[in-house]
Amino acid sequence: MNERIRQLAVMANPSSKEIYEADNWQYNCAAWDSNNLTKFAELIVQECARLCDINDKEQGDILREHFGVEE
């Protein structure tokens, strides 16, 4: 799994940091509640939008707006 995705998972659910250090951490994510899953999805969208901003700020804004995620 991509290290950045692992970091975003820790940001979404910091109380379970030890889970993300295990090799099979993605299977443990099934126990997340809807708040953790929502936060994780928002962090991924923000990361993608941030990368879009590098080339074209408008594209990043379009992505954020489409998913309803604030900067």
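For the structure, check the block above.
Residues numbered from 1 in each chain as written. Predicted model: local features only at pLDDT ≥ 70, side-chain atom pairs only at ≥ 80, totals over all residues. Heavy atoms only, no water.

1. Observations regarding the nonpolar core
Logical step 1: Counting 6 residues, the largest nonpolar core is built from L8, A9, A12, W32, F40 and L43.
Logical step 2: Secondary-structure elements contributing two or more residues to this core are α1 (3-12) and α4 (34-55).
Logical step 3: Per-element accounting of this core gives the leading share, 3 residues, to α1.
Logical step 4: If we ignore the near neighbours within four places in the chain, the residues touching F40 are I5, L8, A9, A12 and W32. (Core = buried A, V, L, I, M, F, W, Y, C linked by side-chain atoms within 4.5 Å. Buried < 20%, exposed > 50% of the residue type's maximum accessible area, 1.4 Å probe, protein only. Helix = DSSP H or I, 4+ residues; strand = E, 2+ residues; numbered from the N terminus. Contact = heavy atoms within 4.5 Å.)

2. With respect to the packing of α4 against helix α5 (residues 57-67)
Logical step 1: Two elements in contact, α4 and α5, have axes whose closest approach is 6 Å; the angle formed by their N-to-C orientations is 160°. On the basis of their axis angle, the class for α4 and α5 is roughly antiparallel. In this structure, α4 crosses over α5, and the sense of that crossing is right-handed. Contacts between α4 and α5 pair V45, C48, A49, R50, C52, D53 and N55 from the former with K57, Q59, G60, D61, L63, R64 and F67 from the latter.
Logical step 2: For the contact of α4 with α5, the per-class residue count stands at 6 nonpolar, 3 polar and 5 charged. (Axes fitted to C-alpha atoms, helices over the stretch in contact; angles between N-to-C directions. Parallel < 35°, antiparallel > 145°, perpendicular 65-115°, else oblique. Left-handed = near helix turned anticlockwise from the far one by under 90°. Nonpolar A, V, L, I, M, F, W, Y, C, P; charged D, E, K, R; others polar.)

3. Some points on the environment of A49
Logical step 1: As for its position among the elements, A49 is in helix α4.
Logical step 2: When the C-alpha positions of A49 and L63 are compared, they lie 6.0 Å apart, and in sequence the two are 14 residues distant.
Logical step 3: When near neighbours in sequence (up to four residues on either side) are disregarded, A49 contacts G60, L63 and R64.

4. A short note on the packing of α1 against α4
Logical step 1: Remark: α1 packs on α4, axes separated minimally by 9 Å, with the N-to-C direction vectors making an angle of 135°. Here α1 lies oblique to α4, going by the angle between them. Considering only the axes of α1 and α4, their crossing is right-handed. When α1 is examined against α4, the residues R4, I5, L8, A9, M11 and A12 are found in contact with a partner set consisting of N36, K39, F40, L43, I44 and E47.
Logical step 2: Here the contact of α1 with α4 is composed, by residue class, of 8 nonpolar, 1 polar and 3 charged.

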